[in-house]
Amino acid sequence: MLPDESIIADPNHPASGSLTTLQLQSANAASLGALRTGWQRRATQSSPFRAQRPSKQAESRRTFTSMSEEATQKAAQPVLRLEYEPPAFLAKDVDLTVELDDTSKISCKVEYERQREGADLVLNGERKPAQMEIQSVLINGESLDADAYQVDDETMTIPSAALPVKVGEKISVQIDVTVVPEKNTSLNGLYKSSGNFCTQMEAEGFRNMMYFVDRPDNMSIYRTKVIASKSVPHLLSNGNDVERGDLPDGRHFVLWEDPWPKPCYLFALVGGDFDVLTDSFTTCSGKEVRLGIFVEKGNLSKTPHAMDCLKRAFKWDEERFDREYDLSQFNIVAVSDFTMGAMENKSLNIFNSKYVLADNDTATDTDFLNIEGIIGHEYFHNWSGNRVTCRDWFQLTLKEGLTVFRDQEFSSDLNSRASKRIADVQLLRDHQFKEDAGPMAHPIRPDAYEAIDNFYSLTVYEKGAEIIRMIQTIVTPEGFRKGLNLYFERHDGQAVTCDDFVKAMEDANEVDLSLFRDTWYTQAGTPEVSVKTSYNAEAAELTLTVEQSCPATPGQAEKEPFDIPLAVGLVGTSSNGPLRFKVGAADAEEVDSAVLRVTKAKQEFTLHGVSEKPVPSLLRGFSAPVKLSCSELTRRDLVFLAAHDTDSFVRYESGQELAKQILTELVEKAASGVEADALDHEDAPLLLSSLEHTLRDASLDRALVSLALAMPNESAMADAMEKGTANVDHISSACAALRRLIAEGLGPLFAETYEATREPAKNESPGDAVARRQLKNSCLRYLVKNSALREDALRKAVHQFEAPENMTDRYGAVLAVRDIDCSERTRLLQDFFDMYKSDKLVVQKWFRVQAQSALPSTVDAMKSIMDMPEVFDIKNPNCCYAVFNAFAGGNFTGFHAADGSGYTFVADRIIQIDDINPQVASRLAKQFSSWRSFTAPWSTKMHAELERIAAKKDLSKDVAEIVHKSLEAPSSNL
Ligand SMILES: [Zn+2]
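- The protein chain carries the name Puromycin-sensitive aminopeptidase in an unreviewed UniProt entry, which gives Hondaea fermentalgiana as its organism.
- What UniProt records for the protein chain under Sequence similarities (unreviewed entry) is the sentence "Belongs to the peptidase M1 family."
- According to the UniProt record, the Cofactor (unreviewed entry) comment for the protein chain is "Zn(2+)".

In structure tokens:
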């Protein structure tokens, strides 16, 4: 599964930092929040994870700083990883009959096999979300009286006495229920979207539709009969359709059989009236696979791109990782109401429509790339997730970290690897580092949770992918492919753990990864690495002294040193080019890049044969998810690396580091009382000349040039400061000043570059066109910030809007005028709405632009949007993300308005949405967890809103977990 974006940034907008075209898909991965599952149920005897023993976290939760008594009582008991117990009963075969209707009837006949003597059969089931009502319970075909079993809000218990005694014995249990899909606004379980029936089961949605052993290590063979009126022509489920026909009462049915055992979180069912694009793919062994993409009526013309992506994904996984598809059909259904980005149900992926539908008039280049990445991601799960799945939800990164890594590689192989890498690193640093430094910090394999949906986090996904990437760096790409093949071969059809994955990598490569595993999988927090160098010209040696440490995180005061692969190179200060060197011994092989394994708190490495004084190029390709510092690098060294390094990440990073240093000093100047308009910096010319050099270098990929132009944003600056010292006014002034200095200093060059990139070049490849448009729009945004050139820039924006190459241009023009109170802004926004008001996805772009505007009228604009029932529906997650999350996460000055109006508006929405869809509410609530970063009045106002949310009656467990952890007394330096 991929969570949908809860991040907010506009691609390419300097004001919102460096997010770029490629990242949205990962922007998705921002954590969610979620269900009404959790501890109370788990604390019962039935629970797979018993949690009676108070954990460290549970103890510390009693030290809430200033919470109300009522709020304190909601603190939950966590589920603990180390208390895993295998299920007492396994469902071997599942026979489901689903009659879709306003009140849908579901009958589920299961053959359970006893795994543990003496245990009751405890089934998970939640009545509330879809109004589930039990109709009958049959044991071996005999009706069970209602007093022969117990039902509470979250479970059904059939006592052991009514069941077979011996391990291995089987029993048939048939349960019939009714549910009301229309009432299920949680969008978890069986629900309705735009009149069509669909499901979302991960992590724990199946229990909203049926009483069942709802855990990932319970893998079964499913036969599913879907019945509906003929007004619902398409009836889909997992596997192959083996029978279809009419029923005497005028309805029809389709019977689906899935031959592969799977947990219920991979079950899916869809019933609706769709437009369908069909195609086929022939696998490497010659098997024909029928492909189908099902979309809401009227959207067929927006499906060909998704189909192309799907076929590319099939082929890429065969070629890169030897993975062939394993059924004769594969279907994708796109729905408008979907909390996540997309879901990898076996052979029936269900997608948020915004990650399927695209054409040139309505989708930006970013949208096209996101669709490719996400279609790939869900398809790749067929092996990394479905054929081999997770033993329990603590192992979520086993499938998600690995599959994010796979989709990153897919996008890199098909597009610009360098800019994809930078975009992924930006996402990680802008958002995951923040998570690692806050109250929700957790290892990629957490030890405890209250609501599992809160752990569909950037840490599990994006940092998890970095950890897989480090394994590949250590064992080499060939070794990684071997290890992955062994993992799939060894564990096919099983539910396994992260340790099993690492073991397969070790065995296939005969390496010991125990230190790597014991640190990266178990410790939270972002390691900090500092490097000092000393050069001995006579001996031609460079010594690097590397030190590492990691800040305390909740429940982990002390950390063991990590196993860090540090990729380094050298650039000669006389030759201005890469230097070759030897690592360890003078007679070692000469290389131009090496990976040093840093495993101790302090370690020395000597590089030999270094023929001239070098500038070190450190953490090449971002070889580990750490914060690196090298205090000896002067600002001139940074400019030198930005111009001469052969590693595109270090080139980019050096420019960013220089900008960050300048910004930090601008923040200090603002704090000393210098007015925003008068802020200047003596090293600004150095940064400008570096940017000019980059802009004029015709050999560079234009996507990389555009990335270099994006400066660190306000939120990144706040994160980089000591806790409790971030002053919103000073940070905003500094960032605005730097943008103004760049816009004014390079104005004519931006105008020249804009003209040079305005029209397509002859024989331009699609990738080059994307990069060109990206650079063009970056220039336009700087041009409107230059007061002398603004009038002309606004004309350019209007012209670009009226005669665009595609939606990237049209949307780019609107973004450029977003923060300027002028008649062009009013006109473009109105025209944009008039053109696209019947297209939900494009209208959501219109929402987003307004929610992220720096103008003071933004809260009023959002209130007006909420008053437009023809386009805005608070029950629709995409609408919430495009307005509220876009605002809270991507509009620094608006959300952090000094009068608290932004906070109050968002807190009101959290309270409102919590009753509709707790996952959406909890994602929004995470925006308050950084309150300790700020000075007063911001910190006190955010804290007050957290308390107001905590006091809400019947607060969902999802939101409660976020709010309580945010309010908790900090441990050590948190
Ligand atoms: Zn996934």
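Next comes the rest of the write-up.
### Section: the overall build of the protein chain
Thinking step 1. Secondary structure assignment for the protein chain yields 30 helices and 34 strands.
Thinking step 2. In terms of C-alpha radius of gyration, the protein chain reaches 28 Å, essentially the compact-globule figure of 30 Å for 974 residues.
Thinking step 3. Dimensions of the protein chain, computed from the C-alpha atoms along their principal axes, are close to 85 × 65 × 65 Å.
Thinking step 4. Counting only residues that meet the buried cut, the protein chain has 64% of its 974 residues in that class.
Thinking step 5. Nonlocal contacts in the protein chain, meaning residues at least 24 apart in sequence, comprise 73% of its contacts between residues at least 6 apart.
Thinking step 6. Just so you have it, the protein chain exposes about 33400 Å², and 49% of that area is on carbon and sulfur atoms.
Thinking step 7. Across the protein chain, 107 positive and 146 negative side-chain charges occur, with their mean positions spaced 1 Å apart.

### What about the pairing of strand β12 (residues 196-200)?
Thinking step 1. A large share of β12 lies buried, amounting to 5 of its 5 residues.
Thinking step 2. Of the two faces of β12, the one holding N196, C198 and Q200 and the one holding F197 and T199 are both buried throughout.
Thinking step 3. Pairing geometry for strand β11 (residues 189-193) and β12, over 5 bridges, is antiparallel. Looking at the pairing, Y191 lines up with C198 of β12.
Thinking step 4. In this structure, the hairpin formed by β11 and β12 is closed by a connection of 2 residues, where S194 is found at a positive phi of approximately 45°.

### Points about the sheet that holds strand β20 (residues 329-335)
Thinking step 1. Across the sheet, which stays open at both edges, the 6 strands sit in the order β1-β21-β22-β20-β19-β18 with mixed pairing between neighbours. Taken across any chain shown, the strands that pair with only one partner, and hence form the sheet edges, are β1 (2-3) and β18 (274-282).
Thinking step 2. Sheet topology places strand β21 (residues 340-343) next to strand β22 (residues 348-352); 2 bridges connect them, and they run antiparallel. Opposite M343, over in β22, you have I350 as the bridge partner.
Thinking step 3. Packing against the sheet, helix α6 (residues 365-380) makes contact with β1, β20, β21 and β22, and its axis sits at approximately 150° to β22.

### Observations concerning the coordination of the zinc ion
Thinking step 1. Protein-derived coordination of the zinc ion comes from M1 (N), M1 (O), H377 (NE2), H381 (NE2), E400 (OE) and E400 (OE), at a distance range of 2.0 to 2.7 Å.
Thinking step 2. All donor residues of the zinc ion come from one chain, and their arrangement in sequence is M-x375-H-x3-H-x18-E. Separated by 19 residues along the polypeptide, H381 in the loop between α6 and β23 (389-390) and E400 in helix α7 (residues 396-414) bring together distant segments of the chain. In this structure, H381 and E400 share a single accessibility class: buried.

### A word on the sheet that holds strand β4 (residues 104-114)
Thinking step 1. Overall, mixed pairing links the 8 strands, which are arranged β7-β6-β10-β4-β3-β13-β16-β15 in an open sheet. Lying at the two open borders of the sheet, with one neighbouring strand each, are β7 (142-143) and β15 (240-246).
Thinking step 2. With 7 bridges joining them, strand β3 (residues 89-99) and strand β13 (residues 220-229) adopt parallel strand pairing. Residue pairing for β13: E99 is matched across the bridge by I227.

### Details of the UniProt feature "domain: Peptidase M1 alanyl aminopeptidase C-terminal" (unreviewed entry) in the protein chain
Thinking step 1. Taking the UniProt record as the reference, the feature "domain: Peptidase M1 alanyl aminopeptidase C-terminal" (unreviewed entry) is found at residues 636-968.
Thinking step 2. A distance of 44 Å separates the end C-alpha atoms of residues 636-968, which is 70% helix and 0% strand.

### A closer look at the packing of helix α12 (residues 635-644) against helix α14 (residues 684-696)
Thinking step 1. Where α12 contacts α14, the two axes come as close as 10 Å, and the packing angle between them is 5°. As judged from the angle between their axes, α12 and α14 are roughly parallel. Between α12, through R635, R636, V639, A642 and A643, and α14, the contact on the second element is made entirely by L686, S690 and H693.
Thinking step 2. Of the residues assigned to the contact of α12 with α14, the class counts are 4 nonpolar, 2 polar and 2 charged.

### A closer look at helix α15 (residues 702-709)
Thinking step 1. Of all 8 residues in α15, 7 are buried; the element is thus mostly enclosed.
Thinking step 2. Along α15, the residues classified as buried are A703, L704, V705, S706, L707, A708 and L709.
Thinking step 3. Residues of α15 that are buried in the fold lie against α8 (417-436), α13 (648-671), α14, α18 (747-757) and α19 (766-784).
Thinking step 4. The N-terminus of α15 is capped by D701, whose side-chain oxygen sits 2.8 Å from the backbone nitrogen of A703.

### Some words on the side chain of T519
Thinking step 1. Looking at the secondary structure, you find T519 in helix α11 (residues 514-520).
Thinking step 2. A polar atom in the side chain of T519 sits 3.2 Å from the backbone oxygen of F516.
Thinking step 3. Not counting the four nearest positions on each side in its chain, T519 is found in contact with E560, P561, F562 and D563.

### What about the side chain of T497?
Thinking step 1. Summarising the element assignment, T497 is placed in the loop between β25 (495-496) and α10 (498-509).
Thinking step 2. Residue class for T497 comes out buried when judged on its relative accessible area of 12%.
Thinking step 3. If sequence neighbours within four positions are ignored, T497 has contacts with R391, Q395 and L398.

### Focus: helix α29 (residues 938-950)
Thinking step 1. With 13 residues, α29 should cover 18 Å at 1.5 Å per step; its first-to-last C-alpha distance of 18 Å lies within 8% of that length.
Thinking step 2. Looking only at α29, the buried set comprises W938, S939, M942, H943, E945, L946, I949 and A950. Buried residues of α29 fall within an arc of 160° about the axis and therefore sit on the same side.

### Here's the deal with the domain arrangement of the protein chain
Thinking step 1. Split into domains, the protein chain comes out as domain 1 (2-7 + 20-35 + 387-520), domain 2 (39-81), domain 3 (90-357), domain 4 (528-624) and domain 5 (648-967).
Thinking step 2. The centre of domain 3, based on its C-alpha atoms, is set 40 Å off from the matching centre of domain 5.
Thinking step 3. Of the roughly 1200 Å² buried between domain 3 and domain 5 on both sides combined, carbon and sulfur atoms contribute 37%.
Thinking step 4. On the domain 3 side of the interface with domain 5, the three residues burying the most area are T185, T339 and K354, jointly 40% of the side's total.

### A closer look at the nonpolar core
Here is a general trend for soluble globular proteins: nonpolar side chains tend to be buried in one another's company.
Thinking step 1. The biggest cluster of nonpolar side chains holds 287 residues, and the ones touching the most others in it are Y112, F480 and F501.
Thinking step 2. For this core, the element with the highest residue contribution is helix α9 (residues 458-491), accounting for 13 residues.
Thinking step 3. When near neighbours in sequence (up to four residues on either side) are disregarded, Y112 contacts F89, L90, A91, L121, L123, E169, K170, I171, V173, F212 and V213.

### Here we look at the pattern of salt bridges
Thinking step 1. In this structure the tally under the stated criterion is 78 salt bridges.
Thinking step 2. With a shortest N-O distance of 3.3 Å, R445 and D499 are connected by a salt bridge. One end of the pair, R445, is in the loop between α8 and β24 (448-449); the other, D499, is in helix α10, with 54 residues separating them in the sequence.
Thinking step 3. With relative accessibility at 5%, the residue R445 sits in the buried group.
Thinking step 4. Taking relative accessible area as the criterion, D499 reaches 33% and is therefore assigned partly exposed.
Thinking step 5. Each of the salt bridges in this network shares a partner with another, and the network as a whole consists of D365, E764, R772, R773, K776, E805 and D809.

### Topic: unusual backbone geometry
Thinking step 1. With an omega of -5°, the peptide bond between E202 and A203 qualifies as cis.
Thinking step 2. Tracing the backbone through its elements, the reader meets A203 in the loop between β12 and β13.
Thinking step 3. Of the consecutive residues A936 and P937, the connecting peptide bond is found in the cis state with omega at 5°.
Thinking step 4. Counting through the fold element by element, P937 comes out in the loop between α28 (918-925) and α29.
Thinking step 5. Even without being a glycine, A540 presents a positive backbone phi close to 55°.
Thinking step 6. Checked against the element boundaries, A540 lands in the loop between β26 (528-536) and β27 (541-549).
Thinking step 7. Despite not being glycine, N763 has its phi angle at roughly 50°, a positive value.

### Quick notes on the packing of aromatic side chains
Thinking step 1. The full count for this structure, using the stated rule, is 45 aromatic pairs.
Thinking step 2. Ring centres of F887 and F905 lie 6.3 Å apart, and the angle between their planes is 85°; this geometry places the pair in the edge-to-face category. A residue pair is termed long-range when its members are at least 10 positions apart, and F887 in helix α25 (residues 877-890) and F905 in helix α27 (residues 901-914) qualify at 18 residues. An identical accessibility class is assigned to F887 and F905; each is buried.
Thinking step 3. Put simply, the rings of F281, F314, W316, F321, Y325, F330, Y379, F380, F405, F410 and F480 pair up and form one aromatic cluster.
Thinking step 4. Taking the ring centre of W383 as reference, the NZ or CZ of R323 above it sits at 4.5 Å.
Thinking step 5. Over the aromatic face of F801 sits the side chain of R810, whose NZ or CZ is 5.2 Å from the ring centroid.

Reading the values: the criteria
Residues numbered from 1 in each chain as written. Predicted model: local features only at pLDDT ≥ 70, side-chain atom pairs only at ≥ 80, totals over all residues. Heavy atoms only, no water. UniProt positions renumbered as here; feature names shortened; annotations may be inferred. Helix = DSSP H or I, 4+ residues; strand = E, 2+ residues; numbered from the N terminus. Rg over C-alpha atoms; globule rule 2.2 N^0.38 Å. Buried < 20%, exposed > 50% of the residue type's maximum accessible area, 1.4 Å probe, protein only. Contact = heavy atoms within 4.5 Å. Areas by Shrake-Rupley, 256 points an atom, 1.4 Å probe, with all protein chains shown as cover. Lys, Arg positive; Asp, Glu negative; His and termini not counted. Charge placed at Lys NZ, Arg CZ, Asp CG, Glu CD. Pairing = 2+ DSSP bridges. Axes fitted to C-alpha atoms, helices over the stretch in contact; angles between N-to-C directions. Donors = N, O, S within 2.8 Å, 3.2 Å for Na, K, Ca; no water. Parallel < 35°, antiparallel > 145°, perpendicular 65-115°, else oblique. Nonpolar A, V, L, I, M, F, W, Y, C, P; charged D, E, K, R; others polar. Polar contact = N/O pair within 3.5 Å; in protein donor to acceptor, adjacent residues only side chain to side chain. Expected span 1.5 Å × (residues − 1). Arc of directions from axis to C-beta. Domains from an automatic or database assignment. Buried area = accessible area lost by both parts, 1.4 Å probe. Core = buried A, V, L, I, M, F, W, Y, C linked by side-chain atoms within 4.5 Å. Salt bridge = Lys/Arg side-chain N within 4 Å of Asp/Glu carboxyl O. Phe/Tyr/Trp six-rings, centres within 6.5 Å; stacked < 30°, edge-to-face > 60°. Lys NZ or Arg CZ within 6 Å of the ring centre and 35° of its normal.

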